[in-house]
Amino acid sequence: ALPAGKRMLRPMIVGRILQSLGVRPGERVLEVGTGSGYLTACLLRLGARVRSLELHEPIAAQARENLATLGPAAPVEVLTADAMDLTEQSAYDAIVLTASLPVYQPLFEQALRPGGRGTGAGGARGRREPGGVNRVRRATAREARRPRQSAPSGTEYRAPNTAGRLPASPDR
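Residues numbered from 1 in each chain as written. Predicted model: local features only at pLDDT ≥ 70, side-chain atom pairs only at ≥ 80, totals over all residues. Heavy atoms only, no water.

A positive phi angle, close to 50°, is found at Ser 90, a residue other than glycine. Note that Ser 90 resides in the loop between β3 (76–80) and β4 (92–97). Take Ser 90: its relative accessible area is 31%, and that puts it in the partly exposed class. (Helix = DSSP H or I, 4+ residues; strand = E, 2+ residues; numbered from the N terminus. Buried < 20%, exposed > 50% of the residue type's maximum accessible area, 1.4 Å probe, protein only.)

Here it is in structure tokens:
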């Protein structure tokens, strides 16, 4: 159990998030909602460099303690911060939203590098995947110049390369 009455993601959802994200060694990943640090440790094991934001200090402290067992050289930073204050632009290869967000914010897309991927459990808008995981990918400059389709084919939606809303999910 987590402090402050918060709950952890089920391992099946963590697995689906990891599959959906497709992290490669050396990629820079932003995690929003650190929780126990389990997903963070999985991302590290896949070779990612992780910056994790947790709103609640007691939860962040517990995660830091759990992640300390990986050793001091682990490329991870756990910060107590409100992700809604995120100002970075094109900084991350991937973003994982596991925290409950009151309203989806395009600032997460803006923080992705062109071609970067984002995924989250439940609340983020985008393509709904089986098991409650949503996915979005920021368009590269070349893709952004192509005409938009009302319902892109394939298994993911392209987010605009500039600030903006995601296309509506086809199941709406």
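Turning next to the pattern of salt bridges. Opposite charge on two side chains allows them to pair when their charged atoms are near. In the structure shown here, the tally under the stated rule is seven salt bridges. In this structure, the salt-bridge partner of Glu 27 is Arg 117, at a minimum N-O distance of 2.8 Å. Note that Glu 27 is positioned in the loop between α1 (11–21) and β1 (28–32) and Arg 117 in strand β5 (residues 112–121), a separation of 90 residues in sequence. The buried category is assigned to Glu 27, whose relative accessible area is 8%. Judged by its relative accessible area of 10%, Arg 117 falls in the buried class. Of the charged contacts in the structure, one is a salt bridge between Arg 28 and Glu 88, with a shortest N-O distance of 3.8 Å. With Arg 28 in strand β1 and Glu 88 in the loop between β3 and β4, this residue pair connects regions lying 60 residues apart in the sequence. Exposure remark for Arg 28: the relative accessible area of 25% places this residue in the partly exposed category. Within the structure, one salt-bridge network assembled from shared partners comprises Arg 28, Arg 51, Glu 77 and Glu 88. (Salt bridge = Lys/Arg side-chain N within 4 Å of Asp/Glu carboxyl O.)

Here the focus is the pairing of β3. Two strands pair when backbone bridges link them, and strand β2 (residues 49–54) and β3 are joined in this way by five bridges, in the parallel orientation. The residue of β3 that forms the bridge with Arg 51 is Glu 77. Once you follow β2 into helix α3 (residues 57–68) and on to β3, the crossover reads as right-handed. (Pairing = 2+ DSSP bridges. Right-handed = clockwise from strand over helix to strand, strands pointing away.)

Inspection of the secondary structure assignment puts Ala 1 in the segment before α1. Taking the C-alpha atoms as reference, Ala 1 lies 8.4 Å from Ser 36; in sequence the two are 35 residues apart.

If you trace the backbone, Pro 114 turns up in strand β5. Distance from Pro 114 to Ser 90, taken between C-alpha atoms, is 6.9 Å for residues 24 residues apart in sequence.

Another aspect to go through is the pairing of β2. Note: β1 against β2, five bridges, orientation parallel. Following the sheet pairing, Leu 30 is matched in β2 by Arg 51. Crossover handedness for the path β1 to helix α2 (residues 38–45) to β2: right-handed.

What follows is about the nonpolar core. Val 29, Leu 39, Leu 43 and Val 96 are the most contacted members of the largest nonpolar core, which has 18 residues in total. Breaking this core down by element, the ones donating at least two residues are α1, α2, α3 and β4. Considering every element that reaches this core, the biggest residue donor is α1, with five residues. Leu 53, Ala 83, Tyr 92 and Leu 112 belong to the second largest nonpolar core, which has 14 residues in total. (Core = buried A, V, L, I, M, F, W, Y, C linked by side-chain atoms within 4.5 Å.)

If you want to describe how two helices pack, look at the angle between their axes and the distance between the axes. The N-to-C vectors of α1 and α2 enclose an angle of 35°; their axes lie 11 Å apart at closest approach. Crossing of α1 against α2: the hand is right-handed. The residues of α2 that touch α1, namely those facing Val 14, Ile 17, Leu 18 and Leu 21, are Tyr 38, Leu 39, Cys 42 and Leu 43. (Axes fitted to C-alpha atoms, helices over the stretch in contact; angles between N-to-C directions. Left-handed = near helix turned anticlockwise from the far one by under 90°. Contact = heavy atoms within 4.5 Å.)

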